[in-house]
Amino acid sequence: MNLVLTFDSTHFALSGEKKIKESGIAVQLIPTPRSVSSRCGFSLQLSDIDLDIILDVLLNKKINYNDIYSKTLKDEITYYEKIKF
Amino acid sequence: MKKLNFKDLPCPQPVIQTKKALSEGGFSSLEIIVDNEPAKENVLRFLKSSKCKVEEVLQDNNLYTIIASVSDVSEKKSDSNIAEDEENRALGKCYVIGTESMGVGDDKLGSKLMSAFFYTLSEYDIAPKDIFFLNGGIKHCIEGSENIEILSKISNRGTEITACGTCLDFYGVTDKLKIGKIGNLYDLVSMYNGKSDIINIA
């Protein structure tokens, strides 16, 4: 699935990007989607990733993230859904 | 961005209020919050039938946030996707990227902003017509750049990517070019004299 990770600050997002890359996982820095937050910040997008794998990395690398959203494209509309644990 | 919060508002009020806001106008994008699935569906249907392009829908528990842009372009609907792509390409702008970093201040932040900007270009409906990289900007196109993949994605949508040959030579990286063709200032001048709008990013 495609996931978007949000963070409380730009610094957390950049440090998260670095740590995820170090784990060998492809990650794309993106502007935080407008529907997710009106504060303009960075988020991280992970494409075709297993939720369990990334949760493991987030925990082991002590990544300070805020929320995880699933991202799907349907009829040219991007749908984000907050993943609950 | 115009914000409309329809939490606790019974049907069909969200659609009526959206319609009212659209007829008043004065904004290019719209954020609408509703608190139930039928209201979301009704508003989406209404937006589609109006001159709006729904871009994002966020679901967080029972709360839905809809982001839509108000434009005249979406009115035209062509039969084939190819024709639509061609049409969009004709509307695309030209970008001149002259630095590694976006804006003035912190270079590390600037290069991250540039990456996020390329990503946003790659996702946007209208692909750029051209992107011309020069001076420090060519570093986005060479081996080791973290933006190669995203630039390939942009290029695959029909955008012409050009890197300044003089600049590649100056930095000694001509053989490391990973994306785009080599061009010179003639290409830049013909771009400046073309029909598309030019946006300089430094």
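The numbers attached to residues start from 1 for each chain and follow its sequence in the written order. A letter from A marks each chain and a number from 1 marks each ligand, given out in the order of writing. This being a predicted model, a pLDDT of at least 70 is required before a residue's local features are given, and a value of 80 or more before pairs of side-chain atoms are given or counted; all residues contribute to the totals for chains, interfaces and linings. The basis for every side-chain value is the complete set of non-hydrogen atoms in the structure, without hydrogens or water.

*Asks:* Could you give me a rundown of the overall build of chain B, with the residues and numbers involved?
*Replies:* Numbering of helices and strands runs from the N terminus; a helix is a DSSP stretch of H or I covering at least four residues, while a strand is a stretch of E covering at least two. Of regular secondary structure, chain B possesses 7 helices and 9 strands. Taken over C-alpha atoms, the radius of gyration is set against a globule rule of 2.2 Å times the number of residues to the power 0.38. Relative to a compact globule of 202 residues, whose C-alpha radius of gyration would be 17 Å, chain B shows 21 Å and is clearly more extended. Here the C-alpha coordinates of chain B stretch approximately 65 × 40 × 25 Å along the principal axes. Per-residue burial over chain B gives 42% buried out of 202 residues. Throughout, a contact is declared for two residues whenever any of their heavy atoms are within 4.5 Å. When contacts within chain B are restricted to residue pairs at least 6 apart in sequence, those whose partners lie at least 24 apart make up 66%. All accessible-area figures derive from a Shrake-Rupley calculation using a 1.4 Å probe, and residue coverage is judged against the displayed protein chains alone. Summing over all exposed atoms, chain B offers an accessible surface of approximately 10,900 Å²; the carbon and sulfur share of this is 51%. Counted as positive: Lys and Arg. Counted as negative: Asp and Glu. His and the chain ends are not counted at all. Working definition for charges: the position is that of NZ of Lys, CZ of Arg, CG of Asp or CD of Glu. In chain B, 24 side chains carry a positive charge and 30 a negative one; their mean positions are 3 Å apart. Residue exposure (1.4 Å probe, protein chains only): buried if accessible area is under 20% of the type maximum, exposed if over 50%, otherwise partly exposed.

*Asks:* Describe the interface of chain A and chain B, with residues and values.
*Replies:* Facing 25 residues of chain A, the contacting portion of chain B comprises 29 residues. Both faces considered, chain A and chain B share a buried interface measuring about 2,300 Å² in area, 51% of it formed by carbon and sulfur atoms. Of all residues in chain A, Arg34(A), Ser35(A) and Ile77(A) give up the largest surface area on contact with chain B, accounting jointly for 26% of the area buried on that side. Salt-bridge detection follows one rule: a side-chain nitrogen of Lys or Arg within 4 Å of a carboxyl oxygen of Asp or Glu. The closest approach of N and O atoms between Glu17(A) and Lys112(B), which form a salt bridge, is 2.7 Å. Buried area: the accessible surface (1.4 Å probe) lost by two parts on joining, summed over both.

*Asks:* Describe the packing of aromatic side chains, with residues and values.
*Replies:* Residues and elements named next belong to chain B. Aromatic rings from Phe, Tyr and Trp, taking only the six-membered ring of Trp, are treated as a pair when their centres fall within 6.5 Å; an angle between ring planes under 30 degrees marks them as stacked, one over 60 as edge-to-face, and anything in between as tilted. As enumerated under the stated definition, the model contains 4 aromatic pairs over all chains in all. Judged by centre distance (5.9 Å) and plane angle (70 degrees), the ring pair of Tyr95 and Phe117 falls under edge-to-face. One end of the pair, Tyr95, is in strand β5 (residues 94–97); the other, Phe117, is in helix α4 (residues 107–123), and 22 residues separate them in sequence. You'll find Tyr95 and Phe117 in the same group, each marked buried. Three or more aromatic residues joined by ring pairs form one cluster here, namely Tyr95, Phe117, Phe118 and Phe133.

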